[in-house]
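Chain residues, written in single-letter form:
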Amino acid sequence: MTVTHAKRAFKYRCYPTDAQAAELSRTFGCVRLVYNLALAARAQAWAERGERVGYGATSAMLTGWKRTAELAFLSEVSCVPLQQALRHLQAAFTGFFAKRSGHPRFKSKKRSRAAAEYTRSAFRYRDGLLTLAKMPDPLDVRWSRPLPEGVVPSTVTVSRDAAGRWFVSLLCEDPSVRPLPAAATAVGVDLGIVHLAVLSTGEKVPNPRHERRDRERLARAQRELARKAEGSANREKARCKVARIHARIADRRRDFLHKLSTRLVRENQAVVVEDLPVRGMLRNRRLARAVADAGWAELRGMLAYKCAWYGRELVVVDRWLPSSRLCGSCGTVRDHLPLHVRAWECACGAVHDRDVNAARNILAAGLAVAACGDGVGPQRSTPGGQSSMKQEVVPTAALAHGGPAARPRGIPAPRGGEEVNPSWLLA
């Protein structure tokens, strides 16, 4: 029996020589050009003839482009990253036709990520040395952690961020990623701004507010950038300074979210979160900066793939669950609960902390969804004229299956007090 291990990317800083940097920069430009040419050809074929052009046709186009005088320079770089760009375009169209994503867009020289992907035929990894095609010498890679022993990377992606830092990412099958022993706990997570995450156990994870810590420094650097002349060398230096501040903020945020998501996955058999409309909330000018700094979408993505790696369950409940206004003791839904009210008392006598009560209600709803074998409820867009903040209304039909909720096997009652009865969610 063949054992399939999880694919995992190992990312490292690298420091190419001037010649290697020039070669990689040419490759980045050619990759972007080929992607845009193929996208334009596919769009034109559909607009003029109603014809769908696939990867095979664009690959033949690439061969023809190399034979022209205007695009002969495409033959000077490795052909593998160019072919991978066409495969990425095909994957983008596949997601578009499956309605998982929007229509592919052209790559901008200034705003697109500079990257090139090499498959096994275009690189050599031996004795800790990585050599790419068209390069006689290996890259200077800082191996901050070892690769899995005896594993050869399937692809290598070289990238350069806006701050001018070079990275190399090696995709491998990691045998160390395996399901963890079953845990006896489940946790509900209420995401917020004052506290990044409030758990159903009563624990409140503070929001580090990484962007706010460097806001003054960032504003100063942006003012300096605005005063520089367009196209000057001083403007490029000022732009790199702003990019380095942004990179520092993003690195700290990513590190914090990795530690939080890993702890939640290791300690709990099931993690329950809300399906928050992050994109809509970013349209609120008063909250956009704080929401973007919190990184809710990034945290949910980390929880998703780590739960898949380690044999845990991630349950996403409907965004329209009135988690804060719902009494976890009697099931009464409060009509109105302003944001400044952080604690409230129900008519049944129960006193609730707003965020802890929401986390426990989210956990109860997640246990009900898991027991019924359902997934995320139907997606509903925010009606016109309403706020783009988190909506709290009566639970949707995704949580209404009828009958009492049976607790999933191996998942105990919520910690931190009396068990939250999910029966009112299934009424």
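First things first, this report covers the structure right here in the doc. (Residues numbered from 1 in each chain as written. Predicted model: local features only at pLDDT ≥ 70, side-chain atom pairs only at ≥ 80, totals over all residues. Heavy atoms only, no water.)

1. Notes on the sheet that holds strand 10 (residues 270–274)
Phase 1 of the analysis: A sheet is described by the order of its strands in space; here five strands give the open sequence 9-8-7-10-11, paired in mixed fashion. Strands with a single pairing partner mark the edges of an open sheet, and in this sheet they are strand 9 (204–206) and strand 11 (313–317). Averaged over all adjacent pairs, the angle separating strand axes in this sheet is 25 degrees, with direction ignored.
Phase 2 of the analysis: Direction of pairing for strand 7 (residues 186–191) relative to strand 10: parallel, over a ladder of three bridges. (Pairing = 2+ DSSP bridges. Helix = DSSP H or I, 4+ residues; strand = E, 2+ residues; numbered from the N terminus. Axes fitted to C-alpha atoms, helices over the stretch in contact; angles between N-to-C directions.)

2. Points about unusual backbone geometry
Phase 1 of the analysis: If you check the backbone angles, Lys99 has positive phi at about 60 degrees while not being a glycine.
Phase 2 of the analysis: Tracing the chain through its elements places Lys99 in the loop between helix 3 (79–97) and strand 2 (114–119).
Phase 3 of the analysis: Under the relative-accessibility criterion, Lys99 is labelled exposed at 77%.
Phase 4 of the analysis: A positive phi angle is found at Lys134, which is not glycine, with a value near 70 degrees.
Phase 5 of the analysis: Examined against the element boundaries, Lys134 turns out to sit in the loop between strand 4 (129–132) and strand 5 (155–160). (Buried < 20%, exposed > 50% of the residue type's maximum accessible area, 1.4 Å probe, protein only.)

3. A short note on the pattern of salt bridges
Phase 1 of the analysis: Evaluated as defined, the whole model comprises 24 salt bridges.
Phase 2 of the analysis: Note that Glu51 and Arg49 form a salt bridge whose closest N and O atoms lie 3.0 Å from each other.
Phase 3 of the analysis: Notably, a salt bridge pairs Arg254 with Glu298, separated by 3.7 Å at the nearest N-O pair. With a gap of 44 residues between them, Arg254 in helix 6 (residues 233–267) and Glu298 in helix 9 (residues 296–310) connect regions that are remote in the sequence.
Phase 4 of the analysis: Classification of Arg254 as partly exposed rests on a relative accessible area of 35%. (Salt bridge = Lys/Arg side-chain N within 4 Å of Asp/Glu carboxyl O.)

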